[in-house]
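Coordinate inspection notes
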Amino acid sequence: MKKIILTTFCLCLALGIRAQSFIGAWESYHTSKNGDPLKSVVIFADGYQVITTYNSETGKFISTNGGTWTLDGRTMTEKVEFDTNKPERVGSEVSFEVFINDSEMGIVDSDMTFKRIDNGLPGKLQGAWLISGRARDGKTQAIDTNRPRKTMKILSGTRFQWIAYNIETKQFMGTGGGTYTTANGEYTEHIKFFSRDDSRVGARLKFNFSIVDGNWHHSGLSSKGDPIYEIWSIRK
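Cut-offs and rules
- Residues numbered from 1 in each chain as written.
- Predicted model: local features only at pLDDT ≥ 70, side-chain atom pairs only at ≥ 80, totals over all residues.
- Heavy atoms only, no water.
- pLDDT = per-residue confidence, 0-100.
- Contact = heavy atoms within 4.5 Å.
- Buried < 20%, exposed > 50% of the residue type's maximum accessible area, 1.4 Å probe, protein only.
- Helix = DSSP H or I, 4+ residues; strand = E, 2+ residues; numbered from the N terminus.
- Pairing = 2+ DSSP bridges.
- Axes fitted to C-alpha atoms, helices over the stretch in contact; angles between N-to-C directions.
- Phe/Tyr/Trp six-rings, centres within 6.5 Å; stacked < 30°, edge-to-face > 60°.

**Some remarks on the confidence of the model for the chain**
- Per-residue pLDDT for the chain has a mean of 92; in total, 93% of the residues score no lower than 70.
- Between residues 1-15, whose pLDDT stays under 50, and residues either more than four places distant or in other chains, the model counts eight contacts.

Rendered as structure tokens:
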């Protein structure tokens, strides 16, 4: 088995790696310096990515960072849009050599390897989205997706995460994520971490969803029980 993985790895190094291979969600279990059990989840969408670490037992949020990504051969370059540990990194670029096979990926010479969760399937909402509007009392308020203050939602086939941040001030406002399903016009979230309130971990939230002119219309009750109607546009 090790020989097969090594052969696949060497072939990727020789031929380069297809960016599409990374699309989806990946996970890694590890331990903090204090001995706490941690889980890190990476979601790759077309051109955008996020990695988040939280306590694998309690769901307590630890950190998140992400932004854009490109791949040139075996070199991945990320431009940081948010980073809870080092906000001064926002706006900077970092490059590193990566490896990938059918079930694992990671950074060369790193001690952390990620195992594949999904490849972008089966969820109908896979991709990176920006909130572009809200509706209230029958009136729709447009939101400029080009403004520095952003609310982005990244979904793989089974995992989701939203992040609120400002690329100009480098401020981070909050994030939450977990697993999701889409069936019969219903979008259901199972919260695994929530930076603003750990007590929300474990909650299941159901919403109505539809795709209208390429935009995701999302309605129901928020985690606080307030009615919401949001419109999300795929990020380009």
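**Re the pairing of strand β2 (residues 37-45)**
- Most of β2 sits out of view: eight of its nine residues are buried.
- With eight bridges joining them, strand β1 (residues 24-31) and β2 adopt antiparallel strand pairing. Across the sheet, residue G24 finds its bridge partner in β2, namely F44.
- Counting the residues that bridge the hairpin from β1 to β2 gives five residues, and of these G35 lies at a positive phi of roughly 90°.
- Judged from the eight bridges that link them, β2 and strand β3 (residues 48-55) form a sheet pairing that is antiparallel. Looking across to β3, one finds that V42 is bridged to I51.
- Hairpin connection from β2 to β3: two residues lie between these consecutive antiparallel strands, with G47 at a positive phi of about 90°.

**Concerning unusual backbone geometry**
- Cis geometry is found at the peptide bond from L121 to P122, where omega equals 10°.
- Mapping P122 onto the fold places it in the loop between β8 (113-118) and β9 (127-136).
- Positive phi, close to 70°, is recorded for D109, a residue that is not glycine.
- Residue D109 is classed as exposed on the basis of its relative accessible area of 79%.
- With phi around 55°, N184 is a residue other than glycine that occupies positive phi space.
- On the secondary structure map, N184 appears in the loop between β13 (172-183) and β14 (186-194).

**What about the sheet that holds β2?**
- Taking strand neighbours around the barrel as the criterion, the eight strands line up as β1-β2-β3-β4-β5-β6-β7-β8 in a closed arrangement whose pairing is antiparallel. Strand-to-strand twist in this sheet, taken as the mean axis angle between neighbours without regard to direction, amounts to 35°.

**Concerning the packing of aromatic side chains**
- Evaluated as defined, the whole model comprises 13 aromatic pairs.
- For the ring pair W162 and F194, a centre distance of 5.9 Å and an interplane angle of 70° mean the geometry is edge-to-face. Linking W162 in strand β12 (residues 159-166) with F194 in strand β14, this pair joins segments that are 32 residues apart in sequence. The pair formed by W162 and F194 is uniform in burial state, with each residue classed as buried.
- Taken together, the ring pairs in this structure connect W129, Y180, Y187, F207, W216 and W232 into an aromatic cluster.

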